[in-house]
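# Remarks on the overall topology
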Amino acid sequence: PAQDEGLPRRCEEGRGKKKEASAMRVLSVTPEFFPLVKTGGLADVAGALPLALAPLGVNARTLLPAYPAVRAALPDATPVAGLDELYGGPVRLLQAATDEGAELLLLDAPHLYDRPGNIYLAPTGSDWPDNHRRFAALCRVAQLIGSGLLPDWQPDLVHGHDWQAGLAAAYLALAGGPRPATVLTVHNLAFQGWVPAASFVELGLPATAFAIEGVEYYGGAGMLKAGLYFADRLSTVSPTYAREIQTPEHGMGLDGLMRARAGDLVGITNGIDTEVWDPARDPHLAAPYSAADPAPKAASKAALQARLGLEQRPQTCMFCIVSRFTQQKGIDLVLEALPTLLGYDTQLAVLGSGEPVLEQGWAAAAAAHPGRIGYVSGYDEPLSHLMQGGADAILVPSRFEPCGLTQLIGLRYGTLPVVARVGGLADTVIDANEAALADEVATGIQFAPVTALALIEAVHRTMALFANPDAWAATVRRAMTRDVGWTRAAQHYLALYRDALRRVPG
Ligand code: ADP
């Protein structure tokens, strides 16, 4: 039957008896997993996708490093396998499940992962010098699981996330013999896991793999490139980003390979976890609200103004920013536009940390304009909820954005996204131009090019819409009722998996 197309033969025995027996088995390989360990949107995706795939008959397990925070959250994890030596020490594979029901395989390797603070950075702020070994180890274990390390569970498909999982596809492809199908998802092409040629031997690949048709990349080895070259199928996190990365402007040096593999590449727009992000049930808001009853949003606006020391002004249009502070995110453009933006009746609520010059810029702006600008430095999950619940609009001026999650949260919270027309931002927000307003489809504001001037124009248009309470309310209602959950994306991933399974040799 058509719906079973692509299921591997050994799974067919139990068909029609028990759903579990015929389920497609997928090993997800990821460096981050919400809610256990997160530095960016990748964690949200890796955390949500297995749960969204379960009702579609996918039996997923997620392999991730047993960082200290992960061990602390899952003290009952039980050992299921071990190796005497992997990159300088013994390792164990632990099995655990989250409260939400996700099944995990944790790579417990104290010599690689038992370190304080940010998972990628040493206390100096630089990448750990052995990051390539830390994630090569993760990929090696993914390969071993793919080859039958666990007697009771062997995946049909290995789905890697970003450069940290790139080598899994390479190890599996180069091992020879039957193997699971492989898929690699690019969450951000800017992070490539490049190492100099001298480190290539440490990756444990055959010397022949050090070639253009392989992992060689600008004279060194690319761990992302390895995955992009060897995985059966590729995806990225929005259709527009899938097109953009095939161009020199956004391809980050990999556009040639992306073009060569265009037929194997799809863009699947992320969802958000609509349980975690639900203004009707969000404990971090001052009062619950919904599309049917949006008025109580005002209580969170007042709470946010109080929290950030902003003037209590219900009628002032409040913009928020929730972001990592990097060049990518275009936060500097908002600073550049500030003199003009402060000429309008606006408030700005900013949460984020990263590049010191941007942190200093926002701290100085907030100090110079108390009551108008509130800035909180750091990563603060509860405050990010209150910002989305309290602000009227969210600014996302990214220079590039593979998908972006904060604009999706903004839609769900009726906090209209004002976004640069790039990547997933272009795919998820419908600009409130005249035609879109007349057709009653607008959900936010888009601008291009990504400059301070275009941002100012976008804020100006947002203010004009805000000044028209009926049009604003209608747009908010529409935004809040957009489908931003995971169901649609999960169906696309299932189709991608079936496609990959059809192509795997052996
Ligand atoms: P990226 O992965 O590039 O950082 P995304 O928009 O895909 O950007 O995902 C960012 C995620 O991290 C969102 O869930 C957002 O709410 C969250 N986030 C970003 N910065 C902060 C912060 N300073 N405090 C709390 N949450 C943050």
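Summarised in this report is the structure supplied together with it.

Reading the values: rules and limits
- Residues numbered from 1 in each chain as written.
- Predicted model: local features only at pLDDT ≥ 70, side-chain atom pairs only at ≥ 80, totals over all residues.
- Heavy atoms only, no water.
- Near = heavy atom within 4 Å.
- Polar contact = N/O pair within 3.5 Å; in protein donor to acceptor, adjacent residues only side chain to side chain.
- Helix = DSSP H or I, 4+ residues; strand = E, 2+ residues; numbered from the N terminus.
- Nonpolar A, V, L, I, M, F, W, Y, C, P; charged D, E, K, R; others polar.
- Core = buried A, V, L, I, M, F, W, Y, C linked by side-chain atoms within 4.5 Å.
- Buried < 20%, exposed > 50% of the residue type's maximum accessible area, 1.4 Å probe, protein only.
- Contact = heavy atoms within 4.5 Å.
- Expected span 1.5 Å × (residues − 1).
- Pairing = 2+ DSSP bridges.
- Axes fitted to C-alpha atoms, helices over the stretch in contact; angles between N-to-C directions.
- Phe/Tyr/Trp six-rings, centres within 6.5 Å; stacked < 30°, edge-to-face > 60°.
- Right-handed = clockwise from strand over helix to strand, strands pointing away.

## What about the site of the ligand?
- Taken together, 18 residues sit near the ligand, with Gly41, Arg324, Lys329, Gly378 and Leu405 positioned nearest.
- Between the ligand and Lys38 there is a distance of 3.1 Å, counted from an oxygen atom to a side-chain nitrogen or oxygen.
- The backbone of Gly378 places a nitrogen or oxygen atom 2.8 Å from a nitrogen atom of the ligand.
- Counting residues per element, the shell around the ligand draws most heavily on strand S13 (residues 317–325), which supplies three residues.
- Classifying every residue of the shell around the ligand gives four nonpolar, eight polar and six charged.

## Here's the deal with the nonpolar core
- Residues Leu63, Leu106, Leu167, Leu203 and Leu228 are the most contacted members of the largest nonpolar core, which totals 74 residues.
- Top element by residues in this core is helix H5 (residues 131–146). It accounts for eight residues.
- If you look at the next biggest cluster of nonpolar residues, it comprises 71 residues, including Phe325, Val396, Ile445 and Ala454.

## Describing the side chain of Arg412
- Within the secondary structure, Arg412 sits in helix H14 (residues 406–412).
- Polar side-chain contacts of Arg412 include one of 2.5 Å to the backbone oxygen of Trp277.
- The contact partners of Arg412, leaving out residues within four places of it in the chain, are Ile272, Thr274, Trp277, Asp278, Pro279, Ala479, Met480 and Val484.

## Side note on helix H19 (residues 487–503)
- When the terminal C-alpha atoms of H19 are compared, their 25 Å separation across 17 residues agrees well with the 24 Å that a helix rising 1.5 Å per residue should span.
- Of all the residues in H19, the buried ones are Ala489, Ala490, Tyr493, Leu494, Leu496, Tyr497, Asp499, Ala500 and Leu501.

## So, the sheet that holds strand S12 (residues 265–267)
- Read across the sheet, nine strands follow the order S3-S4-S5-S2-S1-S6-S7-S11-S12 without closing on themselves; strand pairing throughout is mixed. For this open sheet the edge positions go to strand S3 (78–83) and S12, each flanked by a neighbour on one side alone. This sheet shows a mean twist of 25 degrees between the axes of neighbouring strands, independent of strand direction.
- Sheet analysis places strand S4 (residues 91–97) next to strand S5 (residues 103–108), joined by six bridges and oriented antiparallel. Within the sheet, the bridge partner assigned to Ala97 lies in S5 and is Glu103.
- Against the sheet, helix H7 (residues 223–230) touches strand S7 (181–186) and strand S11 (233–236), its axis set at about 130 degrees to S7.

## A look at the packing of aromatic side chains
- Counted by the stated rule, this structure contains 11 aromatic pairs.
- Their ring planes at 80 degrees and their centres at 5.4 Å tell us that Phe135 and Trp163 sit as a pair that is edge-to-face. Taken together, the residues Phe135 in helix H5 and Trp163 in the loop between strand S6 (157–161) and helix H6 (166–175) connect sequence positions 28 residues apart. You'll find Phe135 and Trp163 in the same group, each marked buried.

## With respect to the pairing of strand S1 (residues 24–29)
- Judged by how many residues are buried, S1 sits mostly within the fold: five of six residues are covered.
- Bridging between S1 and strand S2 (residues 58–65) involves six bridges; their strand directions are parallel. Directly across from Val29, in S2, lies its bridge partner Leu63.
- The handedness of the S1 to S2 crossover, carried by helix H2 (residues 41–53), is right-handed.
- As judged from the four bridges shared by S1 and S6, these two strands associate in the parallel manner. Counterpart to Val26 in the pairing with S6 is Leu157.

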